[in-house]
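Structural overview for review
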Amino acid sequence: KDTAGLQQFYAGRSSQYTWKKSVGAIVFNCADTTFANKALAGMKNDPLQWKAYMEEGNGYVLADSARFEVTQLPIEENTVLQKGWLSPVTTNPNDGSSSFCYITNIHPENEVRSFDEAKGLVINDYQLYLEEKWLAEQKKKYPVRIDEAVVKSLKK
């Protein structure tokens with residue numbers, strides 16, 4: 001609820017909120033490989049129609065277009081990425097769901113995230129900061145005192 005405090009907290013620490021290696025991408029998550037392969041075929045044809053391929057999946061195909069850190073993508077480690085690249089379909093062995101992605105843009109590493117991009121991280125850090133501040137105030141207000149006489153009586 002403390003929007004002003006949250007933005008002020010971010011402003012003082014914005015350099016801590018940077019992007020790792022990241023790309024603009026459309027990530028498809030599908031119920032199974034049949035749906036994934038159908039959406040992949042559409043993407044090979046015309047990537048600009050990605051929302052239509054998602055809608056054709058009737059809820060079995062979900063897609064999101066955003067900036068993603070490379071580690072969030074359904075690709076093999078050390079894959080060389082370039083704009084316009086379409087990944088192969090990968091299938092989750094646990095539930096049979098399938099994913100693939102289409103790269104729309106390559107972003108430089110270590111760019112500072114905007115407040116909106118970092119908001120979840122900032123909220124978490126701000127809550128920790130407020131909790132630490134509150135605990136410090138409580139320790140000052142209610143110092144811990146040990147009654148040595150009681151401690152000695154417990155040892156007997």
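Residues numbered from 1 in each chain as written. Predicted model: local features only at pLDDT ≥ 70, side-chain atom pairs only at ≥ 80, totals over all residues. Heavy atoms only, no water.

1. Some points on the packing of aromatic side chains
Definition in use: Here is the rule: rings of Phe, Tyr and Trp (six-membered ring for Trp) pair when centre to centre is within 6.5 Å. Planes less than 30 degrees apart are stacked, more than 60 are edge-to-face, and the remainder are tilted. Numbering of helices and strands starts at the N terminus; helices are DSSP runs of H or I of at least 4 residues and strands are runs of E of at least 2. Type-normalised accessible area, obtained with a 1.4 Å probe on protein chains alone, sets the label of each residue: buried when under 20%, exposed when over 50%, and partly exposed for intermediate values. A positively charged side chain is recorded as over a ring if its NZ (Lys) or CZ (Arg) lies within 6 Å of the ring centre. The angle to the ring normal must also be within 35 degrees.
Counted by the stated rule, this structure contains seven aromatic pairs. Their ring planes at 70° and their centres at 5.5 Å tell us that Tyr 10 and Phe 115 sit as a pair that is edge-to-face. Taken together, the residues Tyr 10 in helix H1 (residues 3-13) and Phe 115 in helix H4 (residues 115-141) connect sequence positions 105 residues apart. Classification of Phe 115 by relative accessible area gives buried; the value is 15%. An aromatic cluster of three or more residues is present, and its members are Phe 9, Tyr 126 and Tyr 129. Looking at Arg 13, its charged tip hangs above the ring of Tyr 129, at a distance of 5.4 Å from the centre. Above the plane of the ring of Trp 19 lies Arg 113, whose end atom (NZ or CZ) is 3.9 Å from the centre.

2. Structural notes on helix H5 (residues 148-155)
Counted only if it meets this: Side-chain atoms alone can form a polar contact between residues adjacent in sequence; in general such a contact is a pair of N or O atoms within 3.5 Å, and within protein one must be able to donate a hydrogen while the other accepts it.
With respect to burial, H5 is a largely exposed element, only zero of its eight residues being buried. The N-terminus of H5 is capped by Asp 147, whose side-chain oxygen sits 3.2 Å from the backbone nitrogen of Ala 149.

3. Re the pattern of salt bridges
As a reminder of what qualifies: Take a side-chain nitrogen of Lys or Arg and a carboxyl oxygen of Asp or Glu: if they are within 4 Å of each other, that pair is a salt bridge.
The full count for this structure, using the stated rule, is two salt bridges. Arg 67 is the salt-bridge partner of Glu 111, the closest N and O atoms lying 2.8 Å from each other. Here Glu 111, found in the loop between strand S4 (98-107) and H4, pairs with Arg 67, found in strand S2 (residues 61-69); they are 44 residues apart in sequence, far enough to count as distant. The exposure class of Arg 67 is buried, given its relative accessible area of 18%.

4. Topic: the side chain of Arg 113
Operational definition: Contacts are residue-level and defined by heavy atoms, with any inter-residue pair within 4.5 Å sufficient.
Considering the arrangement of structural elements, one finds Arg 113 in the loop between S4 and H4. For Arg 113, a relative accessible area of 11% translates into the label buried. A distance of 3.4 Å separates a polar atom in the side chain of Arg 113 from the backbone oxygen of Thr 18. With residues up to four places along the chain from it excluded, the contact list for Arg 113 reads Tyr 10, Tyr 17, Thr 18, Trp 19, Glu 69, Ala 118 and Leu 121.

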